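Below, each chain spelled out in residue letters.
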Amino acid sequence: MIAAQDLHTEFQFPQETESQLSSDTDLEDPDGKNAKTGKGLAARRGKKALGDKAKGGGAGRVPGLGRVNGHHQENGMENMTLFEVVKVGKSATQSVVDDWIEAYKHDRDVALLDLNQLLHSVFWLQRRCERRNVQKHAELRNHPENDRGDSGDYPLTMSGPQWKKFRISFSDFIAVLVRQCQYSIIYDEYMMDMVISLLTGLSDSQVRAFRHTSTLAAMKLMTALVNVALNLSINMDNTQRQYEAERNKVVAKRANDRLELLLQKRKELQENQDEIENMMNAIFKGVFVHRYRDAIAEIRAICIEEIGVWMKLYSDAFLNDSYLKYVGWTMHDKQGEVRLKCLTALQGLFYSRELGARLELFTSRFKDRIVSMTLDKEYDVAVQAIKLLTLVLQSSDEVLTAEDCESVYHLVYSAHRPIAVSAGEFLFKKLFSHQGPEDEGLPRRGRQSLNGSLIKTTVFFFLESELHEHGAYLVDSLWECASELLKDWETMISLLLDEPIPGEEALNDRQETALVEIMLCAIRQACECHPPVGRGTGKRVLTAKEKKTQLDDRTRITEMFAVALPLLLAKYCVDIDKVTNLLQIPKYFDLDIYTTGRLEKHLDALLRQIWEVQDKHTDTEVLEACSTTYHYFCNEEFTIYNRVDIARSQLLDELVDKFNRLLEDFLQEGEEPDEDDVYQVLSTLKKISAFHNAHDLSKWDLFTSNYRLLNTGLQNGDMPEQIVIHAMQCTHYIILWHLAKVSDSSSLKGDMATLRKQMRAFCLMCQRYLNSINTAVKEQAFTILCDLLLIFSHQIMSSGREQLEPLVYAPDSSLQAELLNFILDQVFIDQDDDSNSTDGQPDDEASKIEALHKRRNLLSAYCKLIIYNVVEMNTGADIFKQYMRYYNDYGDIIKETMSKTRQIDKVQCAKTLVLSLQTLFNEMLSDLGFNIDRSSSAFCGIKELARRFSLTFGLDQMKTREAIAMLHKDGIEFAFKEPSPHGEGSPPLNLAFLDILSEFSSKLIRQDKRTVHMYLERFMTFQMALQREDCWLPLISYRNSLQVGGD
């Protein structure tokens, strides 16, 4: 321990054990070599004792920081302590350090006392160290009552910008102090010894504030000494070169006195270097070796951050396995903050190729750990781990194996965008950044360009990642580092349209499909300038530069694909996947360019190809893509509107005429339609439905034809299901477009009457189809009915639309019952009982998930009717009773429905909940008989459901007071409703329900408990109150629950 003889009584730091400080850490010392030496700096140097006082010392305080040589300091620094000056910031640091040095030269004891006061002020904000109470602080150092580790009331942990700035200023003060003292004072064997002794002792304190602050100060002091050592090393090398150059001169020209001076200078530098190394060694072994595994994460992070600085600054001394091992071990730290510091420290080393080459042994030993950190639970750590691997990849291609790289590749599909972008940069460096001599001289654009091979590589990678089919995610991950490549649409078009040269391997069908998808995603990314759905927090405001780039890209896309898209559609006209993606490109066009760029002939070619596509396809996705494209082009703001509108009208005229002609033949009596007739009707109906989704076809009066088709299907019962489904969908669109027209204030009254008649007739038709034997038809009828009932409910009159009151349609009790029965039959079924696997395929995981998703949509549609008061709220009882049984599948939907209904009417919601419990209780009685076993799984299940219902009422009893009271009232009435089947003297049939009802007793306030108890006594006889048999236990327990906390 370093101690000055004269100040021995002022600084006494008893030794402490380390065990309690590192008991919570997950790090161990693998070598067991990190024990404190216990020796002072003077003993290591073999020089005179450090306490020998320099001349000029005295107890009296001389002008120090307030006045220097009798003159006031400038900048308002009069009478300010060092702590207050450091709080001011950088602007005052340099001058204050110079003043302190002058004071030190005058009386070093007083100057060191000022420095000591600064340190203690930083240790503990409300304390001030004076010469007479230094001993008191030494005693306070280890006092358990003064451990304010959890309160965070010392400067380094205090919040606010002032204290964040203070930490930086404090670190700067230490750096400037050492820099200004590096030529004389730090070698006087007094100041540095005292400071190092103080920091070493306090870094071992049980008090977190002391340990934290002294560790920071010691590490910053070490960093400043490393800079001094580096300068000394450079000066020694320069001196050695000068000496060698002088000595190699011929004897006649050699200056012996200069040689002697150089030798003396080199000796002095060597002595200073040894002294600095002793200081660094004392700090490293006395502070770092113990604190890098401290129980406090912030302290461990400080140590790792600074050792990274040392290795980067002075690599000759610190960049070796003796120091790197600490970073490697700490990468296993349990705190993400510390792991993050390890990675950033290593990044600083791998940025330099020269330093990276010296890390081969470290990399080989800890590479697996770094690779595993790419999946760290802390996103920031995972991002930095990927960036570190990217730097490792740049330093050497041979370090990372194919397996290591693949573990990073799949992260380009991560939902967390920073991770995906970092993985995209890694992928780009690995696969796209290597340009060999054979690539020189290749054209800039086109099939034979370098980008052509890189785009192929992207396609191959996309196809190889079979677990992911999200091209938008891949494009977004690569956008920041490879946007120029992804915007090379000219090369992509060339790869799709141009014939390969002899010897070139052409893309196969699957690769072309992938290229079309990537091309579409790149176009979307360029035009929308935001990440895909599921990655990112929404749209951000674009800068002026980004907006200009966006407009330029959109113009390029329009000019390029206005010409190329018709050719692409012509080539891939029969390919569903390619055509569906290609038809999404026009919505990113700037349609004015068709006119300004004189591209009308290409527009005509595109419209012809769209007509060809819809004529050859019956797939819903393709038809909807055609419909959407027409809808985007039919914008009256653009001059091309008339041209497109004429083409659209011609197309729809042909479809409607064909449908009416086919329908007459199809519905002709006495003839059985063949498969070709069915196919023609179905394909035409699908096309009309797809176009009716985005376009108003009211002028063609399709309601009559579709209603006739549906009515015939009901009468005959042999209508193909797909025809019925699409006829329902088309009729649904007809109703909605008619409603949009009627909602306009200028509409005629006759239109509203017609709509009312058509809507009610169609609802009755769908209600009749609910009894169909075909499940798909019933699901379609149910979905459309729910939509129509919601649209034409009383909500239709909101927002000043009272004129639509005649259109309000409320379902009668029979329709409500049929809707509820459909839900109970089709939704609340076990997974294994669901025989409707998609497309008749076996029940694999994908089909089960899709079937569950469909059932969830059906349940959501019905729950909306409850929430918006379209059906009676008590119909929700049959839904709520399934809460526990189907919690994993529908728990979130049912819980949200309960929450919404409670917001609408708390009392009615409570009645519905108790009704659901009563329904389950009655079902249990019918299954198990009159003798109820309250330990049975069925009864326990109902009781658990009641407990869950009780939790949904929250903690505010006053808000739910009336609802809970009504719930108990209904429950009590139900319990005593049915007499005992065993005659008088036996408990009522439903008495066990009181045991279930007791789950809600805790939600009653004290006054209401008394009221409910009085209501209960109205149903009880005198003999009931005296009963103590097991069959009467529900009544006893329920009465007790009402008396707990009551008067």
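Residues numbered from 1 in each chain as written. Predicted model: local features only at pLDDT ≥ 70, side-chain atom pairs only at ≥ 80, totals over all residues. Heavy atoms only, no water.

Novice: Please set out the overall build of the chain residue by residue, giving values where relevant.
Specialist: Within the chain, the regular secondary structure consists of 44 helices and two strands. Taken over 1047 residues, the chain has a buried fraction of 51%. Partitioning the contacts of the chain with sequence separation of at least 6, the portion at a separation of at least 24 is 75%. For the chain, the accessible surface area stands at approximately 50100 Å², while carbon and sulfur atoms represent 48% of it. (Helix = DSSP H or I, 4+ residues; strand = E, 2+ residues; numbered from the N terminus. Buried < 20%, exposed > 50% of the residue type's maximum accessible area, 1.4 Å probe, protein only. Contact = heavy atoms within 4.5 Å. Areas by Shrake-Rupley, 256 points an atom, 1.4 Å probe, with all protein chains shown as cover.)

Novice: Quick one: what's the story with the packing of aromatic side chains, residue by residue and with numbers?
Specialist: In this description, a pair of aromatic rings is defined by centroid distance and the angle of the planes. Applying the stated criterion to the full structure yields 34 aromatic pairs. Judged by centre distance (5.7 Å) and plane angle (10°), the ring pair of F288 and Y292 falls under stacked. An identical accessibility class is assigned to F288 and Y292; each is buried. With a centroid separation of 5.0 Å and an interplanar angle of 75°, the aromatic rings of Y292 and Y326 are classed as edge-to-face. Within this pair, whereas Y292 is found in the loop between α9 (256-291) and α10 (297-313), its partner Y326 is found in helix α12 (residues 321-330), the two being separated by 34 residues in sequence. Here Y292 and Y326 have matching classes, each one buried. Connected via pairs of aromatic rings, a cluster forms that spans F284, F288, Y292, W310, Y314, F318, Y323, Y326 and W329. Against the face of F953 rests R902, its NZ or CZ located 4.4 Å from the ring centre. Over the face of the ring belonging to Y887 we find R948, whose NZ or CZ atom lies 5.3 Å from the ring centre. (Phe/Tyr/Trp six-rings, centres within 6.5 Å; stacked < 30°, edge-to-face > 60°. Lys NZ or Arg CZ within 6 Å of the ring centre and 35° of its normal.)

Novice: An account of empty space enclosed by the protein is requested, with residue identities and associated values reported.
Specialist: A full pass over the atoms with the stated rule returns seven cavities of 30 Å³ or more. Estimates place the volume of the largest cavity at around 120 Å³. Surrounding the largest cavity, 14 residues form its lining, L115, I174, L177, V195 and L221 being those nearest its centre. If you list the elements that add at least two residues to the lining of the largest cavity, you get α4 (108-123), α6 (161-181), α7 (191-202) and α8 (208-247). With five residues, α6 is the single largest residue contributor to the lining of the largest cavity. In terms of residue class, the lining of the largest cavity is built from 14 nonpolar, no polar and no charged. (1 Å grid on protein atoms, 1.4 Å probe; cavity = no way out; pocket = protein on both sides within 12 Å on 5 of 7 lines; lining within 4 Å. Points joined across faces, edges and corners; volume = space filled by probe spheres on them. Nonpolar A, V, L, I, M, F, W, Y, C, P; charged D, E, K, R; others polar.)

Novice: Run through the side chain of R648, naming residues and quoting values.
Specialist: Summarising the element assignment, R648 is placed in helix α28 (residues 641-666). For R648, a relative accessible area of 17% puts it in the buried group. At 2.7 Å, the side chain of R648 and the side chain of D645 are in polar contact. Ignoring anything within four residues of it in the chain, the contact list for R648 reads Y630, C634, Y641 and H695. (Polar contact = N/O pair within 3.5 Å; in protein donor to acceptor, adjacent residues only side chain to side chain.)

Novice: So what's going on with the packing of helix α19 (residues 450-464) against helix α22 (residues 509-528)? Residues and values would help.
Specialist: In contact at an axis separation of 9 Å, α19 and α22 are set at 105° when each is read in the N-to-C sense. Here α22 runs roughly perpendicular to α19, going by the angle between their axes. Residues I455, T458, V459, F460, F462 and L463 of α19 touch α22, and the partners they reach there are R510, Q511, A514, L515, E517 and I518. (Axes fitted to C-alpha atoms, helices over the stretch in contact; angles between N-to-C directions. Parallel < 35°, antiparallel > 145°, perpendicular 65-115°, else oblique.)

Novice: Can you break down the environment of L652 residue by residue, with the values?
Specialist: Within the secondary structure, L652 is located in helix α28. The exposure class of L652 is buried, given its relative accessible area of 4%. On a C-alpha basis, the gap between L652 and H692 in space is 9.7 Å, while along the polypeptide they are 40 residues apart. Not counting chain neighbours up to four residues away, the residues in contact with L652 comprise F691, L697 and W700.

Novice: Account for a negative patch on the surface, with residues named and values stated.
Specialist: On the surface, a cluster of negative charge is made up of D368, E403, E406, E464 and E466. Inspection of the secondary structure puts E464 in helix α19. Residue E464 is classed as exposed on the basis of its relative accessible area, which comes to 63%. (Patch = residues over 30% accessible without salt bridge, like charges linked within 9 Å, V, L, I, M, F, W, Y side chains within 5 Å. Salt bridge = Lys/Arg side-chain N within 4 Å of Asp/Glu carboxyl O. Lys, Arg positive; Asp, Glu negative; His and termini not counted. Charge placed at Lys NZ, Arg CZ, Asp CG, Glu CD.)

Novice: A description of the pattern of salt bridges should follow, citing residues and the corresponding values.
Specialist: Counted according to the given criterion, the structure contains 32 salt bridges. In this structure, K881 and E923 form a salt bridge, with 2.7 Å as the shortest nitrogen-oxygen distance. Of this pair, K881 sits in the loop between α36 (877-880) and α37 (887-904) while E923 sits in helix α38 (residues 906-928), and the two are 42 residues apart along the sequence. Since its relative accessible area comes to 10%, K881 is described here as buried. Looking at E923, the relative accessible area reads 34%, which means it is partly exposed. Where K900 meets E896, a salt bridge forms, and the shortest distance between an N and an O atom there is 3.9 Å. Within this pair, K900 and its partner E896 are both found in helix α37, separated by four residues, close to a single helical turn. Overall, E896 belongs to the partly exposed group, its relative accessible area being 41%. A single network of salt bridges, built from pairs that share partners, joins D204, R211, R291 and D294.

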